[in-house]
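Listed below, chain by chain, are the residues.
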Amino acid sequence: MTTLNTAPNLERADDFYAALLSAHDGLEEAEMHALNARLILVLANHIGDQTVLEAAIEAAKIPPPEAQT
Amino acid sequence: MVAVRYKTAFKLYPYEKVADQDVPAPKRHPVVIVGGGPIGMGLALDLGKSGVPCLVLDDHDGVGTGSRAICFAKRTLEICDRLGCGDPMVDKGVVWNVGRVYRDEREVYNFNLLPEEGHKRPAFINLQQPYFEQFLVEEIRRQQAAGAPIEIRGKNCVTAMDQKADHVVLDIDTPDGPYRLEADYLVACDGANSPTRAMMGLDFDGRVFEDNFLIADIKMTADFPTERRFWFDPPFNRGETALLHKQPDDVWRLDFQLGWDIDREAELKPERISDRVAAMIGADIDFELVWTSIYTFRCCTMDDYRHGRVFFAGDAAHQVSPFGARGANGGMQDVDNLGWKLAAVINDGADDALLDSYHDERKLGAMENIKNSSRTADFLTPRNPAHRLFRDAVLDLVEHHAFARPLVNSGRLSQPCTYDASALNSPDALPDGPKQTRPGSPCPDAPLADGHLLDKLGGRFTVLAIGADDPGNFTIANTEIDVLTLSASDDTTGAVATRYLGQNPSAIYLIRPDQHIAARWAKCDADAINQAVARALAGKTK
Ligand SMILES: Cc1cc2nc3c(=O)[nH]c(=O)nc-3n(C[C@H](O)[C@H](O)[C@H](O)COP(=O)(O)OP(=O)(O)OC[C@H]3O[C@@H](n4cnc5c(N)ncnc54)[C@H](O)[C@@H]3O)c2cc1C
């Protein structure tokens, strides 16, 4: 795969989301940030493909509200 | 009067009055090199060995004290082999391969540079910069004795310069007062604060990093292993980093990150430094402070490394942070690149455009070095909370998951540059050949039945024929071409085949005097070789 898939792709979207939230249970804010940073790195390594990763970074940059119509 | 700006470790070229100082009209020299640091001396040696008369002017009379550079890379040693002084460096230097990375008191991972087999030189040696410079000057002395046209003038400080249409005029101050001389070509190797650059009003732009590092070179006889040890957030330097590295003569390099807001004077007090050292190595170990210094760093480059008849090389052209040991190592690649080109233009009448390619190729190398050393600095000195967040995330993960190791950046060690898009390259006519020997690459070494490949290359253009018919003799545009033929019986380990043939039964390489590959083919074609040499000597005309 060399293109970023932005179509729905999660096998069990609600289960993933619940797992993501519960991983943060009981954490201080700084720990939450740290967890998310580690998670990004783990996922990035799994993806591996630099083109996809750069597209993902772009996709994550939602335009600021005034730029949205 | 020539001001003394630093103490010298060895006096190597004491001031002597010369005839040029008393002549009515300024004497013209083919090449004048301003600055006798490692880069100026390296270039003088390269030019002198090619028979190009050159004059080095340095405002001191020897090598500055202080270790400064300590890590010299394989490519630098290969260049020094070509220049004739690789052996004393490697004999004196400390070879190291293992690096350990600690966080707090725990080792989080280690690496082995595991040099690929079949190279004459190790990946790195540690050697104090004054020795490196001394060995260059000693080789210059040997070459001078053998007739090489090199002259070194100590305590000759360049104070003004003026570029004319076909030469450069220099004003020089000496203990006997000022004099003037002229140069067909001037190479400024006068360091990061290059007075030549300033006299020409040229910019030196880039990034300043807001951090201070304390270097303490200490002498001790502890039998710590010959390894590079790097700490993040150690108990003896909380929140910062530290480095321990061995040098010859029982000297160790200790490097402490201090942060931005420091009291410089207080930090430089010997008692304060000794306390830091004791906290790092253990209170029971005796040591002596050899050299201490606090440095801040920047990554800067000039826009152009050539201005008419003036060239900039080494720190004068570009400066990097010390992480990755890319300063002197990068500068020696400038030497390697400029030396043969100046010789080709001055001695063999090659087109002046060849000299433009010095800028093109070495700017590429410098930008690579700046990119790498800036990234290390960003890892060591996070500039905002997000930088710190990800840096710490990497360090958290590396103890548990191998995948995070490549993300830890305590220095990306100097590698030679491959001049991929250079106008001197011919199109790759062996496209399925090994990637590491594509046109633009520095030749990888390989063992042969009677020595090493790189020892047989360099100084002149070489046609390397592997498993092919002897291509015969060439002389192209005043340039004599060496021919080296290798057969399977020369390739005792198979390294030549792996590095130069891949799946091909034969290959022909055209190798430049700096051991970079200009062209390659599957079979010998004299016309193609002639064209490739012409192209490699033509410079910009692509
Ligand atoms: C702490 C530290 C650690 C480092 N570690 C490494 C390392 O491990 N590996 C590495 O590769 N690099 C390292 N470097 C970088 C390395 O020291 C430099 O890249 C290298 O010294 C540059 O050499 P140079 O010849 O270009 O300039 P310099 O060494 O600065 O030499 C310039 C010369 O020009 C002379 N000069 C200046 N002005 C004039 C004038 N007006 N007239 C005549 N002469 C003049 C000076 O006296 C000097 O001799 C380190 C640097 C520092 C500070």
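Residues numbered from 1 in each chain as written. Chains lettered and ligands numbered in written order. Predicted model: local features only at pLDDT ≥ 70, side-chain atom pairs only at ≥ 80, totals over all residues. Heavy atoms only, no water.

**Comments concerning the packing of aromatic side chains**
All names here are of chain B.
And step 1. Applying the stated criterion across every chain, the model contains 20 aromatic pairs over all chains.
And step 2. With a centroid separation of 5.2 Å and 20° between ring planes, the pair formed by Y102 and W231 is classed as stacked. With Y102 in strand β7 (residues 98–103) and W231 in strand β15 (residues 228–232), this pair connects stretches of sequence that are 129 residues apart.
And step 3. Residue classification places Y102 among the buried positions, given a relative accessible area of 11%.
And step 4. For the pair W340 and F461, a centre-to-centre distance of 5.5 Å together with 85° between the ring planes defines the contact as edge-to-face. Linking W340 in helix α8 (residues 327–348) with F461 in the loop between β23 (451–452) and β24 (462–466), this pair joins segments that are 121 residues apart in sequence.
And step 5. Pairwise contacts between aromatic rings join F209, F213, Y295, F297 and F323 into one cluster.
And step 6. If you follow R309 out to its NZ or CZ, it ends over the ring of Y185, 4.7 Å from the centre. (Phe/Tyr/Trp six-rings, centres within 6.5 Å; stacked < 30°, edge-to-face > 60°. Helix = DSSP H or I, 4+ residues; strand = E, 2+ residues; numbered from the N terminus. Buried < 20%, exposed > 50% of the residue type's maximum accessible area, 1.4 Å probe, protein only. Lys NZ or Arg CZ within 6 Å of the ring centre and 35° of its normal.)

**Things to note about the confidence of the model for chain B**
And step 1. Residues at a pLDDT of 70 or more form 99% of chain B, whose mean pLDDT is 94.
And step 2. Taken over the whole predicted complex, pTM reads 0.95, whereas the ipTM for its chain interfaces reads 0.93. (pLDDT = per-residue confidence, 0-100.)

**Here we look at the state of the cysteines**
Note on terminology: a disulfide is the covalent bond linking the sulfur atoms of two cysteines.
All names here are of chain B.
And step 1. By the definition in use, this model includes 0 disulfides over all chains.
And step 2. No disulfide involves C80; its nearest neighbouring cysteine sulfur is the one of C85, lying 4.5 Å away.
And step 3. Since its relative accessible area comes to 0%, C80 is described here as buried. (Disulfide = S-S within 2.5 Å.)

**Examining the site of the ligand**
Residues and elements named next belong to chain B.
And step 1. Inspection of the region around the ligand gives 32 residues, with Y6, D58, D59, Q129 and D315 positioned closest.
And step 2. Here an oxygen atom of the ligand and a backbone polar atom of C71 are 2.9 Å apart.
And step 3. The backbone of A325 places a nitrogen or oxygen atom 3.4 Å from an oxygen atom of the ligand.
And step 4. Considering the ligand on its own, with 1,000 Å² of exposed area, one finds that the protein chains cover 88% of that surface.
And step 5. For the shell around the ligand, the elements supplying multiple residues, two or more each, are α1 (38–49), β11 (157–163) and α8.
And step 6. Considering every element that reaches the shell around the ligand, the biggest residue donor is α8, with 3 residues.
And step 7. Across the shell around the ligand, the residue classes tally to 16 nonpolar, 10 polar and 6 charged. (Near = heavy atom within 4 Å. Polar contact = N/O pair within 3.5 Å; in protein donor to acceptor, adjacent residues only side chain to side chain. Areas by Shrake-Rupley, 256 points an atom, 1.4 Å probe, with all protein chains shown as cover. Nonpolar A, V, L, I, M, F, W, Y, C, P; charged D, E, K, R; others polar.)

**With respect to the domain arrangement of chain B**
And step 1. Segmentation of chain B into domains returns domain 1 (29–94 + 121–206 + 299–348), domain 2 (210–295) and domain 3 (435–538).
And step 2. Taking only C-alpha atoms, the centre of domain 2 of chain B and the centre of domain 3 of chain B are 46 Å apart. (Domains from an automatic or database assignment.)

**Focus: α1 of chain B**
All names here are of chain B.
And step 1. For α1, with 12 residues, the first-to-last C-alpha span of 16 Å sits near the 16 Å given by 1.5 Å per residue.
And step 2. Across the 12 residues of α1, 11 count as buried, placing the element largely inside the fold.
And step 3. Restricting attention to buried positions, one finds in α1 the residues P38, I39, G40, M41, G42, L43, A44, L45, D46, L47 and G48.
And step 4. Phi for G51, located one or two positions after α1, is positive at around 80°. (Expected span 1.5 Å × (residues − 1).)

**Notes on empty space enclosed by the protein**
Residues and elements named next belong to chain B.
And step 1. Counted under the stated rule, the structure contains 2 cavities of 30 Å³ or more.
And step 2. Approximately 40 Å³ is the volume attributed to the largest cavity.
And step 3. In terms of lining, the largest cavity is formed by F213, F230, T241, A242, L243, D255 and F323.
And step 4. If one sorts the elements of the lining of the largest cavity by residue count, strand β16 (residues 241–247) sits on top with 3 residues.
And step 5. Its residues assigned to classes, the lining of the largest cavity shows 5 nonpolar, 1 polar and 1 charged.
And step 6. If you add up the space inside the second largest cavity, you get close to 30 Å³.
And step 7. As for the second largest cavity, its lining consists of D315, H318, Q319, V320, R326, G327 and N369.
And step 8. Counted by class, the lining of the second largest cavity contains 1 nonpolar, 4 polar and 2 charged residues. (1 Å grid on protein atoms, 1.4 Å probe; cavity = no way out; pocket = protein on both sides within 12 Å on 5 of 7 lines; lining within 4 Å. Points joined across faces, edges and corners; volume = space filled by probe spheres on them.)

**Section: the environment of L484 of chain B**
Residue and element names in this part refer to chain B.
And step 1. In this structure, L484 sits in strand β26 (residues 479–486).
And step 2. In this structure L484 comes out as buried when scored by relative accessible area, which is 15%.
And step 3. A sequence separation of 28 residues divides L484 from K456, and the C-alpha atoms of the two residues are 8.0 Å apart.
And step 4. The contacts of L484, once residues within four sequence positions are left out, are L453, K456, L457, T462, V463, L464 and A465. (Contact = heavy atoms within 4.5 Å.)

**Side note on unusual backbone geometry**
All names here are of chain B.
And step 1. Its identity is not glycine, yet K155 carries a phi of approximately 50°, on the positive side.
And step 2. For K155, a relative accessible area of 19% corresponds to the buried category.
And step 3. Phi at D233 is positive, roughly 55°, even though this residue is not glycine.
And step 4. Among the structural elements, D233 can be located in the loop between β15 and β16.
And step 5. Classification of D233 as partly exposed rests on a relative accessible area of 29%.

**Description of the pattern of salt bridges**
Residues and elements named next belong to chain B.
And step 1. A full pass over the atoms with the stated rule returns 48 salt bridges over all chains.
And step 2. Taking the shortest distance from any N to any O, the salt bridge between K17 and D22 comes out at 3.4 Å.
And step 3. Relative accessible area serves as the criterion here: at 46%, K17 is assigned to the partly exposed category.
And step 4. Between R306 and D356 there is a salt bridge, with its nearest N and O atoms 2.9 Å apart. Pair noted here: R306 is in strand β19 (residues 306–307) and D356 is in helix α9 (residues 353–380), with a separation of 50 residues, a long-range link.
And step 5. Exposure remark for R306: the relative accessible area of 14% places this residue in the buried category.
And step 6. According to the relative accessible area criterion, D356 is partly exposed, its value standing at 26%.
And step 7. Here the residues in one salt-bridge network are D46, K74, R75, E78, R82 and D336, joined through shared partners. (Salt bridge = Lys/Arg side-chain N within 4 Å of Asp/Glu carboxyl O.)

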